[in-house]
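Topology and contacts: notes
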Amino acid sequence: MRVLLIGPPGAGKGTQASRIADHFDLARIATGDLLREQVANGTELGKVAKEYMDRGDLVPDDLVIEMTRDRMVEANEEGGYVLDGYPRTLAQAEAAYRWALARGIPFDLTLYFEIEEQELLARLAGRAREEHRSDDTEETVRHRLEVFANQTRPLVDYYQRRGILVPINAVGPIDAISEEIFATLHWHKARTMSAGVNRPEWVLGPTAT
Ligand code: ADP
């Protein structure tokens, strides 16, 4: 199973990604974590990435695309993955799609975490106090929400057109949200395994957008 999570910062993707990974025995690939690791290790990529991350901007597409590919191949061989934080731009989504289709491993489902901005700002202020992340100051948080609205939200339409988007209500008790997600993924798994029903990606084909 290959699942993507899309949602604004603070929507709870990280928490749910870990739970999905445990429940379905998938690898969790979180680009934010991978980038912070590069920064902590002082790699060349980390040095470039840090400047963008501290401003709340997205790291350039080519760096992220490159960093993520090997992990997706490895994880796929071990049963699948849940992607948290990638793709985050249309260019990344297109690159990921063409790449995955060429290997016969297209994404199965995209879960879109729906949540109001007021709720997000409150959550992110809390996280800033707890985790001391350098990109969680109030100003940067606002900027990251704008970046989400401008660059990442268009992916919702993109995956809807591909027929693999499922909206998830990201407000409420964490366990209840997990249950909703698990039910969706179990349903999807059962459906694709039964009677040769194919994945929408294959049905639509690469030129159907
Ligand atoms: P959040 O979801 O709270 O924004 P993340 O840990 O997912 O936090 O990401 C932190 C930062 O890492 C982003 O603001 C961005 O600078 C960078 N980043 C993560 N994923 C990507 C991506 N796919 N493309 C570009 N930049 C990314």
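Cut-offs used in this document
Residues numbered from 1 in each chain as written. Predicted model: local features only at pLDDT ≥ 70, side-chain atom pairs only at ≥ 80, totals over all residues. Heavy atoms only, no water. Axes fitted to C-alpha atoms, helices over the stretch in contact; angles between N-to-C directions. Helix = DSSP H or I, 4+ residues; strand = E, 2+ residues; numbered from the N terminus. Parallel < 35°, antiparallel > 145°, perpendicular 65-115°, else oblique. Left-handed = near helix turned anticlockwise from the far one by under 90°. Contact = heavy atoms within 4.5 Å. Nonpolar A, V, L, I, M, F, W, Y, C, P; charged D, E, K, R; others polar. Near = heavy atom within 4 Å. Polar contact = N/O pair within 3.5 Å; in protein donor to acceptor, adjacent residues only side chain to side chain. Areas by Shrake-Rupley, 256 points an atom, 1.4 Å probe, with all protein chains shown as cover. Pairing = 2+ DSSP bridges.

**Thoughts on the packing of helix α2 (residues 31-40) against helix α3 (residues 44-55)**
How two helices sit against one another is set out by the angle between their axes and by the gap between those axes. The N-to-C vectors of α2 and α3 enclose an angle of 120 degrees; their axes lie 7 Å apart at closest approach. Between α2 and α3, the interaxial angle falls into the category oblique. Between α2 and α3 lies a crossing of left-handed hand. For the pair α2 and α3, contact is made by Gly32, Leu35, Arg36, Gln38 and Val39 and by Leu45, Gly46, Ala49, Lys50 and Met53, respectively. When grouped by side-chain class, the residues that make up the contact of α2 with α3 number 5 nonpolar, 3 polar and 2 charged.

**Things to note about the site of the ligand**
Near the ligand lie 19 residues; those nearest to it are Thr31, Asp57, Gly85, Arg127 and Arg144. Here a nitrogen atom of the ligand and a side-chain polar atom of Thr31 are 2.8 Å apart. Measuring from an oxygen atom of the ligand, one finds a backbone N or O atom of Asp57 at 2.6 Å. Burial of the ligand by the protein amounts to 95% of the accessible area it has alone, namely 540 Å².

**Regarding the sheet that holds strand β3 (residues 81-84)**
Strand order in the open sheet formed by 5 strands is β2-β3-β1-β4-β5, and the pairing between neighbours is parallel. One side of each edge strand has no neighbouring strand; the edge strands of this open sheet are β2 (27-30) and β5 (165-169). Neighbour-to-neighbour, the strand axes of this sheet turn through a mean angle of 25 degrees, independent of strand direction. Across 4 bridges, the pairing between strand β1 (residues 2-6) and β3 is parallel.

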